[in-house]
Amino acid sequence: MSSLYGGVTGRRVTIRDLAQAKERGEKWPMLTAYDAMTARAFDRAGVPVLLVGDSAAMVVYGYDSTLPVTVDDLLPLTAAVVRGSSRALVVADLPFGSYQASPAQALETSARFMKEAGAHAIKLEGGRRVLPQVELLVSAGVPVMGHLGLTPQSVNALGGYRVQGRGQSGDELMADAKDLERAGAFAVVLECVPAELAERVTTSLSIPTIGIGAGDATDAQVLVWQDMMGLTEHPAKFVKAYGTLAADLDRAARAFSDEVVSGAFPSAEHTYT
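Keep in mind the model is a prediction, meaning the values are calculated, not measured. (Residues numbered from 1 in each chain as written. Predicted model: local features only at pLDDT ≥ 70, side-chain atom pairs only at ≥ 80, totals over all residues. Heavy atoms only, no water.)

A cluster of nonpolar residues, Met58, Val59, Val60, Tyr61 and Tyr63, forms a patch on the protein surface that exposes about 390 Å² of accessible area. Among the secondary structure elements, Tyr61 is positioned in the loop between α3 (56-59) and α4 (71-84). Looking at Tyr61, the relative accessible area reads 35%, which means it is partly exposed. (Patch = residues over 30% accessible without salt bridge, like charges linked within 9 Å, V, L, I, M, F, W, Y side chains within 5 Å. Areas by Shrake-Rupley, 256 points an atom, 1.4 Å probe, with all protein chains shown as cover. Salt bridge = Lys/Arg side-chain N within 4 Å of Asp/Glu carboxyl O. Helix = DSSP H or I, 4+ residues; strand = E, 2+ residues; numbered from the N terminus. Buried < 20%, exposed > 50% of the residue type's maximum accessible area, 1.4 Å probe, protein only.)

Let us now look at the UniProt feature "binding site: 3-methyl-2-oxobutanoate" (unreviewed entry) in the protein. What UniProt calls "binding site: 3-methyl-2-oxobutanoate" (unreviewed entry) maps, in this numbering, to Asp54, Ser55, Asp93 and Lys123. Across 70 residues of sequence, these annotated residues stay compact in space, with a maximum C-alpha separation of 12.4 Å. Mapped onto the elements, Ser55 comes out in the loop between β2 (49-52) and α3. Using a relative accessible area of 12% as the deciding quantity, one classes Ser55 as buried. Looking at the element boundaries, Lys123 is found in strand β4 (residues 121-123). Since its relative accessible area comes to 3%, Lys123 is described here as buried. When near neighbours in sequence (up to four residues on either side) are disregarded, Lys123 contacts Leu51, Val91, Ala92, Asp93, Leu94, Met145, Gly146, His147 and Val189. One polar contact links Lys123 to Asp93, side chain to side chain, over a distance of 2.8 Å. (UniProt positions renumbered as here; feature names shortened; annotations may be inferred. Contact = heavy atoms within 4.5 Å. Polar contact = N/O pair within 3.5 Å; in protein donor to acceptor, adjacent residues only side chain to side chain.)

Attention shifts here to the domain arrangement of the protein. As far as domains go, the protein holds domain 1 (15-242) and domain 2 (244-272). In this structure, domain 1 and domain 2 have C-alpha centres spaced 38 Å apart. Across the contact, four residues belong to domain 1 and four residues belong to domain 2. The junction of domain 1 with domain 2 conceals about 320 Å² of combined surface from both sides, 70% of it contributed by carbon and sulfur atoms. Area buried by domain 1 at its contact with domain 2 is led by Met229, Gly230 and Leu231, which between them contribute 84% of it. Taken together, the connections running from domain 1 to domain 2 amount to zero salt bridges. Inspection of the region where domain 1 meets domain 2 yields one residue pair in polar contact (both at pLDDT 80 or more). (Domains from an automatic or database assignment. Buried area = accessible area lost by both parts, 1.4 Å probe.)

Right, let's talk about the sheet that holds strand β8 (residues 220-223) for a bit. The eight strands lie next to each other as β1-β2-β3-β4-β5-β6-β7-β8, forming a closed barrel whose pairing is parallel. Direction aside, the axes of adjacent strands within the sheet are offset by 25 degrees on average. With four bridges joining them, strand β6 (residues 187-191) and strand β7 (residues 209-212) adopt parallel strand pairing. What sits directly across from Val188, in β7, is Thr209. In this fold α4 packs onto β2 and β3 (89-93), with an angle of close to 175 degrees to the strand it touches most, β3. (Pairing = 2+ DSSP bridges. Axes fitted to C-alpha atoms, helices over the stretch in contact; angles between N-to-C directions.)

We now examine the environment of Met145. Along the chain, Met145 turns up in strand β5 (residues 144-149). Given a relative accessible area of 0%, Met145 falls into the buried group. On a C-alpha basis, the gap between Met145 and Leu180 in space is 9.0 Å, while along the polypeptide they are 35 residues apart. When near neighbours in sequence (up to four residues on either side) are disregarded, Met145 contacts Met30, Val91, Ile122, Lys123, Leu124, Phe186, Ala187, Val189 and Ile210.

Looking now at the UniProt feature "active site" (unreviewed entry) in the protein. The UniProt record annotates "active site" (unreviewed entry) at Glu191. Note that Glu191 resides in strand β6. Here Glu191 falls in the buried class, since its relative accessible area comes to 10%. Setting aside chain neighbours within four positions, we find Glu191 in contact with His147, Leu148, Gly149, Leu150, Pro152 and Ile212.

To continue, consider the nonpolar core. By size, the foremost hydrophobic cluster in this structure holds 57 residues, and its most contacted members are Phe42, Leu50, Phe113, Leu124, Leu190 and Val201. When residues in this core are grouped by element, the largest group, seven residues, is from α4. Setting aside anything within four residues of it in sequence, one finds Leu50 in contact with Leu31, Ala33, Ala39, Phe42, Val81, Ser85, Ala88, Leu89, Val90 and Val91. Val13, Leu51, Ala121 and Met145 belong to the second-largest nonpolar core, a separate cluster that totals 19 residues. (Core = buried A, V, L, I, M, F, W, Y, C linked by side-chain atoms within 4.5 Å.)

Turning to unusual backbone geometry, a few remarks are in order. The amide bond that connects Phe265 to the next residue, Pro266, takes the cis arrangement and shows omega of 0 degrees. Note that Pro266 resides in the segment after α11 (245-262). Although it is not a glycine, Cys192 adopts a positive phi angle of roughly 50 degrees. By the secondary structure assignment, Cys192 is in the loop between β6 and α9 (195-204). With relative accessibility at 11%, the residue Cys192 sits in the buried group.

Written as structure tokens, this is what we have:
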């Protein structure tokens, strides 16, 4: 392909394509998606990787953290994103409690996402503590994306949503990243870590790093699409809004309501005869 972002391939993006992009020094975007229509829009835009994140707990289901969302909640969303896209690599997040107990549990959950929803890869959180899970999944043919730094499923253990990897913990994060690579992960998300640490991790790994609040030196960047489109009321510092969807929805809803109340809608143009 000519490039990972926007390149026309006539096929799905693969983890091999991501590895080759790293070798070329080519940066690429990743967005979350939770339904077919937004997946189709992002796919048309050339976004090469779509993540069905456990962030659906908050942006779809209305919880205040990612912890309550279940496998059964995420399976239909993942299937919708797969159906709505034709080019993007679709990654499914394994929710809290669906893989931590054992490698066997992780494989059972991953198999459901791949068999029932058509996911092309899975993402799980953690470093050395989940290496047995990563090794079994990779040996079974499941592409695994890691996630280090601020891992939202461990927010209670981390003491809240705080920057991770400062001081000595930065060395631990680096060791975790290298362990994930050795275990066979094809990429790793770095969330809310100092930019200097993210750069060191990126240059130390042969697999792509995906930053979110991790500076500009990572191989890729990811945002929750509702944050990216300005739909979130109190976005994090690392979020840049590229749209004004909240204001657009408010304006459109008010215009529709006003026209219904006044009788202006539906007009003859929108009426069957």
